[in-house]
Amino acid sequence: MNFLLLGPLQVQIDGQDLPVAGSCQRAVLSCLLLHDNEAVAVSRLLKAIWGDDAPRTARKMLQNAASGLRQLLAADTGPDAPLLLTHPPGYLLHTDPIAVDRRVFEDLSEKGRSLLRSGRPHEASGVLREALALWRGDPLADLVELGYRWPETALLAESRKSAEEDRFEADLACGRHHEVMGELTLAVAAEPLRERLCGLLMLAAYRSGRQGDALAAYRGLRARLVTQLGVEPAETVRALEYAILNQDPSLQLAPPAQAHLRTPQPEFRAALDLVRTPLPEPAPTPEPTFEPPPARPQPAAEHTPGRAERRDITVVMITADAEAATNAVRTFVYDEIRRCGGVPAPGPGSTWCGYFGATRRLTDHAERALTAVGAITRWAADSHPEAAIRVAMHTGEAVVSHGADDTSVPFIEAGVLDDCRRLAAATVPGLVVTGDTAPDPDTPRLTLAPSPAPPTPFVGRTAELDVLKGLMAWVAHSGRPALATLLGAPGIGKTRLLAELAHRVADEPTGAPTVLTASLPPGRRSDTTAVLAELIRSRTGGTTLTETDNRLTDHITRHHPAHHDLLPLLRQALGVTPATTPRQGLAGACLTLLRDLAATAPLLLLLDDAHRGDDDLADALASLAGPVLVVAAAASDFAPRRPRWEAAHTNALRLELPGLVDQALTRLLEKLVCFRLRSEHYPSDESWRDLLARLEGNPRHAEEFAARFNATRSGTPPEVPADTWRHSTSA
């Protein structure tokens, strides 16, 4: 008799299935098989089957199930027939280990792993494939479907994943990198946070001549870990990326005859170990520590010519008028860049570049770059105003290849320089004015063209985001509309939550909803037609009237040809042509188009500052049938003042956003300001808690405080009186 757990539960004798009657009997047999040849206490069986809600007759039901199992097992009359014994403090199922597929899988996977470690990958691959062939689906899938959740099944699933990784490693060691690329890609898509699996994909891609795909796999893993867990990849994965960047020969598979001659370089052994042993479970993220900055000047790091690595740098691109770009200007620019610890280099035309932190590690590379830029622009304004100095800066992570020494011009990945060139093309002298006095048109001034500001880091709202994503999934599945209203004080994070929700649902691999957004402007109340038109404009796009008209016409023609007769009304609603139709008719045209959109895909409507809408907006949105979710952010007193808002909807949810807890507010400040803030200016827990209390858990307060702190040249944090935010957050 054989017992199959690696899939739906099956009991077979001579290849024929034997029926196991009733879910209770199947659950008891599964529990005993997960601990075969071990005594399982009655109390443990009761908890595994019924949890904390066992009925009064549970023990009797367990005895009946055991009796039925004994009758089932009696069908096997062989010498190794299984036996169900009453064994204090419960039951013991005695079986031959080779009769349980779980035991066979464990033995084969361990044998394959041992063969792999002993340098016999071809044999290991065959044994591991034999082990994985035993699987017919998720462990005990039929019982899981009935609601049984046991940690042993999760452990079995994890063992399967580890065996798959071992098999991939064995195949790579056999030179089958081309064959496993597709499987590895699918496996990483199914388990995007498994670092060992991603490392195997990187190695397979690199050996297949796809170095770009290997590095893209690392970037994707790092983005997922940072975004979802707030951690960096393990050192072994980073070392593997480093080895790929430097095309280390130890990553290639050596010919069998020469394999014993090649020894991996010591600095890459950790990278290769990644594909030899499973990575341990990630440890809990430790509480952040705040170390004082290193003394300046900082020592140069070890410099290896030709070595490539990823690091944080600042690139400055300085442009001057072509006729005024004299040798004197060039000499001063180069000297200042060198004085501040950067490496100067010529750029296209009358442009010079400065690289800070590229050839040696500098934690203050951005500060050094700003110091150099300030000195250059002040000198140019005084001595060479005709030069019309313009500056573009890029600060961030980049791949750097080193030159002969730390004074040589490094090779920077093209994307960074392209960003600087694009920013430099947008700079015009005199656009940025420092101070309150009017600018002097004859004096050139510094123009900084930074990259677009990233959104505020998303912290402390994961629970609310999960609720909204779940509601969107329910709407898409049920095909019914719903309303979610976010209430909170100004700056509490309603707008940021809407933006994160739009970003997350748009990234869904399948069934992503159509997302439309509208932000109601301050002032008098926005009428319903204007709000609906703004939602449609977010779909069609367009910044000018002509562009808006062209995009609207193209969108209707391509996607909604049946509603071509609505085009004149939609043009009026979007302000392309003068409005000659009553506003109610224009609103009806907008609603018709929105209903048509909802008929093709679930619709997510995001309204910011909904309290600025008129009283008819609630009824208009409630008239949208089908899979439509409206998520509206509004002031705290919106719901009590506008009872019709929620009453018009059948499925309505209200979320009131409180202030961020201290831990979340601390994480936000750590992302917005440099690490010196707490260590140098708030060394005691009491002073830090006092700062958090004054910020009142409000993300906007934290942003404003960080902006003031980052703007101070002295590095001294601004004072935060207790009533600082009283007026700035008033509605």
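Heads up: these notes are all about the structure in this document.

What counts as what
- Residues numbered from 1 in each chain as written.
- Predicted model: local features only at pLDDT ≥ 70, side-chain atom pairs only at ≥ 80, totals over all residues.
- Heavy atoms only, no water.
- Helix = DSSP H or I, 4+ residues; strand = E, 2+ residues; numbered from the N terminus.
- Buried < 20%, exposed > 50% of the residue type's maximum accessible area, 1.4 Å probe, protein only.
- Contact = heavy atoms within 4.5 Å.
- Areas by Shrake-Rupley, 256 points an atom, 1.4 Å probe, with all protein chains shown as cover.
- Phe/Tyr/Trp six-rings, centres within 6.5 Å; stacked < 30°, edge-to-face > 60°.
- Lys NZ or Arg CZ within 6 Å of the ring centre and 35° of its normal.
- Axes fitted to C-alpha atoms, helices over the stretch in contact; angles between N-to-C directions.
- Parallel < 35°, antiparallel > 145°, perpendicular 65-115°, else oblique.
- Left-handed = near helix turned anticlockwise from the far one by under 90°.
- Nonpolar A, V, L, I, M, F, W, Y, C, P; charged D, E, K, R; others polar.
- Core = buried A, V, L, I, M, F, W, Y, C linked by side-chain atoms within 4.5 Å.
- Expected span 1.5 Å × (residues − 1).
- Pairing = 2+ DSSP bridges.

**Concerning the overall build of the protein**
The secondary structure content of the protein amounts to 28 helices and 16 strands. Buried positions account for 47% of the 731 residues belonging to the protein. Taking all contacts inside the protein whose residues are at least 6 apart in sequence as the whole, residues at least 24 apart take part in 71%. As displayed, the protein offers around 36200 Å² of accessible surface, 54% of which is attributable to carbon and sulfur atoms.

**Section: the environment of Ala587**
Locating Ala587 in the fold gives a position in helix H21 (residues 583-600). Residue classification places Ala587 among the buried residues on the basis of a relative accessible area of 10%. Residues Ala587 and Ala533, spaced 54 residues apart in sequence, show a C-alpha to C-alpha distance of 8.0 Å.

**Section: the environment of Leu156**
Structurally, Leu156 is set in helix H7 (residues 151-173). Overall, Leu156 belongs to the buried group, its relative accessible area being 5%. Considering only alpha carbons, one finds Leu156 and Leu5, 151 residues apart in sequence, at a separation of 9.7 Å.

**A word on the packing of aromatic side chains**
Summed over all chains, the structure comprises 3 aromatic pairs. Ring centres 5.3 Å apart and planes at 70° place the aromatic pair Phe638 and Trp645 in the edge-to-face group. The ring of Tyr334 carries Arg330 above its face, with NZ or CZ at 4.1 Å from the centroid.

**Details of the packing of helix H5 (residues 121-132) against H7**
In the contact formed by H5 and H7, the axes pass within 8 Å of each other and the chain directions differ by 150°. As judged from the angle between their axes, H5 and H7 are roughly antiparallel. Crossing of H5 against H7: the hand is left-handed. Taken together, the residues of H7 that come into contact with H5 (itself represented by Pro121, Ala124, Ser125, Leu128, Arg129 and Leu132) are Arg160, Ala163, Glu164, Asp166, Arg167, Ala170, Asp171 and Ala173. Of the residues assigned to the contact of H5 with H7, the class counts are 7 nonpolar, 1 polar and 6 charged.

**Comments concerning the nonpolar core**
One finds Phe3 and Leu29 to be the most contacted residues of the largest nonpolar core, which totals 49 residues. When residues of this core are traced back to their parent elements, those giving at least two are strand S2 (10-13), helix H1 (23-34), helix H2 (42-50), helix H3 (58-73), strand S6 (90-94), helix H4 (101-117), H5 and H7. With 8 residues, H1 is the largest single contributor of residues to this core. Once residues within four sequence positions are removed from consideration, Leu29 is found in contact with Phe3, Leu9, Val11, Val20, Leu69 and Leu93. Counting residues in hydrophobic clusters, the runner-up holds 43 residues, among them Leu516, Leu566, Ala589 and Leu607.

**What to know about the packing of H4 against H7**
As a packed pair, H4 and H7 sit with axes 10 Å apart at the nearest point and diverge in direction by 30°. Taken as a pair, H4 and H7 cross one another with a handedness that is left-handed. In this structure, H4 uses Arg102, Phe105, Glu106, Ser109, Arg113 and Leu116 to contact H7, whose residues at the interface are Leu156, Ser159, Arg160, Ser162, Ala163, Asp166, Glu169 and Ala170. Residue composition of the contact of H4 with H7, by class: 5 nonpolar, 3 polar and 6 charged.

**Side note on the pairing of strand S12 (residues 482-487)**
In terms of residue burial, S12 counts as a mostly covered element, since 6 of its 6 residues are buried. Residues Ala482, Ala484 and Leu486 point to one face of S12 and Leu483, Thr485 and Leu487 to the other, with burial holding for every one of them.

**Observations concerning H7**
The terminal C-alpha atoms of H7, which comprises 23 residues, lie 33 Å apart, in line with the 33 Å expected from a rise of 1.5 Å per residue. Structurally, H7 contributes buried residues whose contacts are with H1, H4, H5, helix H8 (177-190) and helix H9 (195-207). A positive backbone phi angle near 85° is found at Gly175, which sits one or two residues after H7.

**Considerations on the sheet that holds strand S16 (residues 652-656)**
Strand order in the open sheet made by the 5 strands is S13-S14-S15-S12-S16, with parallel pairing throughout. Strands with a single pairing partner mark the edges of an open sheet, and in this sheet they are strand S13 (514-519) and S16. Along the sheet, successive strands turn relative to each other by an average axial angle of 15°, direction set aside. Bridge analysis of strand S14 (residues 603-608) against strand S15 (residues 628-634) gives 5 bridges, and the strand direction is parallel. The residue of S15 that forms the bridge with Leu606 is Val631. In the packing of helix H17 (residues 494-506) onto the sheet, the strands contacted are S12, S13, S14 and S15, and the crossing angle to S14 comes to about 160°.

**Points about the side chain of His177**
Summarising the element assignment, His177 is placed in helix H8. Not counting the four nearest positions on each side in its chain, His177 is found in contact with Leu172, Ala204, Arg207 and Ser208.

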